[in-house]
Amino acid sequence: MTDTDLLLKMEPDKDLNPDMDDLPLRANTNHILVRHYVLDLTVHFDREVISSSVVLFLEPCAGLGTKADEDVGSGAGTTKAGGCRDVDTVEDGTKGLGETTTRMEKMFGASERDGAEFQALPAVGSQTAAKPENIQSSHSWETTSDRDFTLVLDCCDLDVSKVEEVDVTSVASTVAAESISDVSSVNPHAAFIQNLISVPSDRWRQKHQLFLLCSRAHGAQGGGSLHFQRDRWSLQVRKKGVVTPQEFPRALRICYETRPTGGSVRWTKDQDNRVCVYTAGSPINNRALFPCQEPPVAMSTWHATVRAPSECVVLMSGEEQAVPIEDGDTPSLIWNYYVTMPMPASTFTLAVGHWHQVTAEIPPALERGVRDGAHCSKITKPEAGPGEWTEADLRSGLVRSISEVVKGSPLKTGSGDQATRSDSAFCYSSLEDEGLSVTDCSGMVDDGICCSHGDYPCRFTEQSARSQRVIPHRVFGPFSLLQKAQGVLKLLPQCLAAAHSLLGVHPFPRLDVLIVPAGFSSLGMASPHIIFLSQSVLYAGSVGSGENGLSLCGSRICHEIAHSWFGLVIGARDWTEEWISEGFATYLEDIIWAQAQHLSLQETAEQSDLKALLRWRRLSDELQNSEEALQILRPNMENTGQVSESGSSMVKHALNPDKTFMQVHYLKGYFLLRFLASQVSEQQFIDFFRLFVKKYHGQLILSQDFLRMLLITFPSMERKGLTLSAIYADWLDRPGIPKWLYERSVVWSQSRLVEEVKAEVVKWILLSQSHQGRGRKRKRKEPKVNYKEVMSDQLVMLLELLLEEEELSAATVRALQRTYNLQNQDAEVRHRWCELVVKHAYTQAYRDVEHFLVHDQAMGVYLYGELMVQEDPEQQALVRRCLSLVTEQMDQSARRVVEDMVL
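Residues numbered from 1 in each chain as written. Predicted model: local features only at pLDDT ≥ 70, side-chain atom pairs only at ≥ 80, totals over all residues. Heavy atoms only, no water.

This next bit is on the overall build of the protein chain. A tally of helices and strands in the protein chain yields 30 helices and 26 strands. Looking at the protein chain as a whole, 61% of its 903 residues are labelled buried. Accessible surface computed for the protein chain: about 34800 Å², of which carbon and sulfur atoms make up 49%. (Helix = DSSP H or I, 4+ residues; strand = E, 2+ residues; numbered from the N terminus. Buried < 20%, exposed > 50% of the residue type's maximum accessible area, 1.4 Å probe, protein only. Areas by Shrake-Rupley, 256 points an atom, 1.4 Å probe, with all protein chains shown as cover.)

This is the structure we're talking about:
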């Protein structure tokens, strides 16, 4: 059966409904795998497209054809994710590999060569736009046979102009002429690429440089152009007469352009009304950014060259801070990023914009300018005069210009032989102010690790990485948010150190944090080396809020940092098991944040119970208002992790817009972990996490991998009747709420912090009742009430309980606002405040609702629905006014959901 037959068998001959259907992962990863990508991206803000070429270095999987043994040899290898075998020898290629390595050392120097010397070479191949239709193919696609092998890549919303085989002859002859000549001449290109893929990790610099050289080679002469066809979700490539993956070209170049409406890329404006673009982390992942293999098992390394206007900063997943260089004849800068840890293509992240770097101190003379600039709306373009003066001052005093950002000296980050270039803006000062050492390893246990993953430079095995409590970090954002973003810069060292103390080695050597545009659809997104944060989590800055104003920001930072371990360095092998990433990060965010705040055990337990009750209320409400199919943590159940013969699969419900805004995987996954932790002590459970990371870092897992190791580690669980099948039945494979959670929620509702809130709620209800029945002419002196000061999470609970009251007087709502300064609290509090305003039609605070819908788009989706349900003309007019202001910047999924509510 051919790949085409498999695809037709998997999916009926119809166009998928992009709003309701499962997401197809078409790549045939059981036949052939991409081991390395080299991308050459040029950003065009005028057309809102990225023109690009991507070179794929391929390795066929073993056992799928007889000709493989003739071409590449049959050396033994180890089985890796995706069902491929590492071919360690190429006939007599063991000698060839050694000689290749020696030649590479002569060409490129010793292993301490600085990664910044990876330079962009001229792009090869036409990048003209191709046909805009959904179905696209080369002219000669019909001349190929269904018996020819088809490489299937995940792809959509890309205009492909050319696919060609890359001729690596010149590179092969230059680097390893003697060794290649020793190999069978049947397929020397395949032998050379196989040798290159097999270069060991202690020579990763030479390996990446060779990949880069090969990627810039010309197309093969005489039949170098390959036949291709692109349908809605995939790009299919053939070479006429090639019938097995082993015969297929090992290096091919695809020239293409993205589309302005492509779902993987967001073209928008930042909060200063300046153009920017970033990858959206949408349900379709990166297939509208470059043709790739999307299934998680297709882990690869990559190198990316990005050309962007010289006034822009390019941030990206990459192990070293990029040092841009000039692009010769064009007014652009070239940025180079790369990774040495194989990662799924979905983790590739890019952001290009007029970002400014946040520094620890704002000079007093500039404070007023920053404060004024912070009011610049992303809807209204800032005025030229004062705005330009303030920004110029900031460039000279607060933020480094591009030329200054790229200066620096080598800084060891604990990633093998790499010396990372860095400037002083990588911050340690906040941690040192707390009296903690950056490399203090006191109290640490022996973290000796034997890696079970494939060969790559792994930080978990490096002594220097083990003691690095705080990795180098920077914070970027638009000019108008620099002052608020200082809260992020302040919290990062504490949160990073706390995560290290709990989970051990930081999986990645550095971290950038970017405050993304207001249209970003969630509160945060973690990728290798970079975190996107919504402006909604920034320091609230309310008068008298103190540390309360940092609560949402701190907990969200801890959530995203936790993803470095659960979600990135350990990933789900089946994307339907989102709870492995989101449930774990939600559980760990409380523990890391408590550690960062240096809370006592009692304070930690009390805050944890309060958080649990808030999440229980949210989950209970969500499950009552969603279809059962979306409530299951393991929707594929016993078929989880299974794929078709070719490796293709479907991600259940991935394109359902309702699922996009559900938190069941976060919340139900979090409660499952709380349940498991209750079976042992919390410290034992955290220690187990650390053991689990040691064993499974660099790998993809299913639920059973975690649960089986847990049950083996704690045999007392099974003695209590807790089995794998019982956990599946109660938590993973059915909708609704397990019995334990109902019972435990009663305990949480009686905790001290919650009882304090209940007492305050009674005061407010009594105040409201005291206003009822008063005539306009009857004036009474307001009763004097002493309200207790509460923390942010208590305030959220207080407002939620008051929302359950059918009626609150306008005077009571006004007193609430005045007492707690609600319009200046964090976004979680303000969201409940807006709900209260809408429910009781408190017109004096409609401006707060409008501000929330415009500036907190990541959280305001369902607030539109509540405004419409009231059927109040003034509220509905407010909805339409806000929607008209933000519709161009809104996330596409959010806009669809809101428009369904409103129109």
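What follows covers the sheet that holds strand β6 (residues 158–165). One open sheet accounts for seven strands, arranged β6-β9-β3-β2-β12-β15-β14; its pairing is mixed. Strands with a single pairing partner mark the edges of an open sheet, and in this sheet they are β6 and β14 (325–326). Relative to strand β12 (residues 299–309), strand β2 (residues 32–44) is paired through seven bridges, and the arrangement is parallel. Among the inter-strand pairings, His36 is bridged to a residue of β12, identified as Thr301. In this fold helix α5 (residues 188–197) packs onto β2, β3 (49–60), β6 and β9 (251–258), with an angle of close to 95° to the strand it touches most, β3. Strands in contact with helix α6 (residues 204–215) are β2, β3, β9, β12 and β15 (332–344); relative to β15, the strand with the most contacts, it is inclined by about 120°. (Pairing = 2+ DSSP bridges. Contact = heavy atoms within 4.5 Å. Axes fitted to C-alpha atoms, helices over the stretch in contact; angles between N-to-C directions.)

Okay, the packing of helix α19 (residues 703–713) against helix α21 (residues 724–732) next. Where α19 meets α21, the axes come as close as 11 Å, and the angle between the chain directions of the two elements is 130°. If you check the angle between α19 and α21, you find them oblique. Considering the relative orientation of α19 and α21, their crossing is right-handed. In this structure, α19 uses Ser703, Gln704, Leu707, Arg708 and Leu711 to contact α21, whose residues at the interface are Leu724, Ile727, Tyr728 and Leu732. Tallied by class, residues from the contact of α19 with α21 come to six nonpolar, two polar and one charged. (Parallel < 35°, antiparallel > 145°, perpendicular 65-115°, else oblique. Left-handed = near helix turned anticlockwise from the far one by under 90°. Nonpolar A, V, L, I, M, F, W, Y, C, P; charged D, E, K, R; others polar.)

So, on to the packing of aromatic side chains. Summed over all chains, the structure comprises 36 aromatic pairs. Aromatic pair Tyr278 and Phe532: ring centres 5.9 Å apart, planes at 85°, arrangement edge-to-face. Pair noted here: Tyr278 is in strand β11 (residues 275–279) and Phe532 is in strand β23 (residues 530–533), with a separation of 254 residues, a long-range link. Note on accessibility: Tyr278 and Phe532 belong to one class, buried. A centroid spacing of 6.1 Å and a plane angle of 80° characterise the contact between Trp740 and Trp748, whose relative ring orientation is edge-to-face. Trp740 gets classed as buried once you look at its relative accessible area, which sits at 19%. With a relative accessible area of 0%, Trp748 lands in the buried category. (Phe/Tyr/Trp six-rings, centres within 6.5 Å; stacked < 30°, edge-to-face > 60°.)

On to the packing of helix α27 (residues 846–855) against helix α28 (residues 861–869). Running from N to C, α27 and α28 cross one another at 140°; their axes reach a closest spacing of 9 Å. Put simply, α27 runs oblique to α28. Here α27 runs over α28; the crossing is left-handed. Touching Val849, Phe852 and Leu853 of α27 are Leu863, Tyr864 and Leu867, all from α28. Looking at the contact of α27 with α28 residue by residue, the class counts come to six nonpolar, no polar and no charged.

For Asp157, which is not glycine, the phi torsion reads 55° and is therefore positive. For Asp157, the location among the structural elements is in the loop between β5 (150–154) and β6. Take Asp157: its relative accessible area is 22%, and that puts it in the partly exposed class. Of note in the backbone geometry, His598 takes a positive phi value of approximately 60° without being a glycine. Within the element layout of this structure, His598 appears in the loop between α14 (579–596) and α15 (601–624). By relative accessible area, His598 is classed as exposed at 53%.

As a further point, take the pairing of β9. Summarising burial for β9: eight of the eight residues are buried, a large majority. Residues Ala251, Arg253, Cys255 and Glu257 of β9 are buried on one face, and the alternating residues Leu252, Ile254, Tyr256 and Thr258, pointing to the opposite face, are buried as well. Examined bridge by bridge, β3 and β9 share seven bridges and lie antiparallel to one another. When the sheet's bridge partners are listed, Val55 is paired in β9 with Arg253. Bridge analysis of β6 against β9 gives seven bridges, and the strand direction is antiparallel. From the neighbouring strand, Leu158 faces β9, where its bridge partner is Thr258.

This paragraph deals with the sheet that holds strand β10 (residues 265–269). Sheet architecture is open: four strands sit in the order β10-β11-β16-β13, paired in antiparallel fashion. Whereas interior strands pair on both sides, the edge strands pair on one side only; in this sheet they are β10 and β13 (313–316). The sheet shows a mean angle of 15° between the axes of neighbouring strands, taken without regard to direction.

Those residues of α21 that sit buried are Leu724, Ile727, Tyr728, Trp731 and Leu732. With its buried residues spanning 105° around the axis, α21 presents them on a single face. Contacts from the buried residues of α21 go to α14, α17 (664–678), α19 and α22 (739–748). (Arc of directions from axis to C-beta.)

By the definition in use, this model includes 32 salt bridges. For Arg205, the salt bridge goes to Glu320, with nearest N and O atoms at 3.2 Å. Placement of Arg205 in helix α6 and of Glu320 in the loop between β13 and β14 is noted, with a sequence separation of 115 residues between them. Of the two residues examined, Arg205 and Glu320, each falls in the buried class. (Salt bridge = Lys/Arg side-chain N within 4 Å of Asp/Glu carboxyl O.)

Take α28 next. Looking at α28, one finds that the buried residues are Val861, Leu863, Tyr864, Gly865, Leu867 and Met868. On the buried face of α28, the contacting elements are α26 (827–839), α27, α29 (873–886) and α30 (892–902).

Attention now moves to the side chain of Glu622. Mapped onto the secondary structure, Glu622 falls in helix α15. With no salt bridge to any partner, buried Glu622 finds its closest opposite charge in Arg618, at an N-O distance of 7.6 Å. Residues within four places of Glu622 in sequence aside, it is in contact with Phe661, Met662, Gln663 and Val664. (Lys, Arg positive; Asp, Glu negative; His and termini not counted.)

Time to look at the nonpolar core. Core analysis: the largest hydrophobic core is formed by 220 residues, its most contacted members being Leu676, Phe689 and Phe706. Here this core gets 13 residues from one element, more than from any other, and that element is helix α12 (residues 482–503). One finds Phe57, Leu196, Ile197 and Leu212 within the second-largest nonpolar core, a separate group that totals 18 residues. (Core = buried A, V, L, I, M, F, W, Y, C linked by side-chain atoms within 4.5 Å.)

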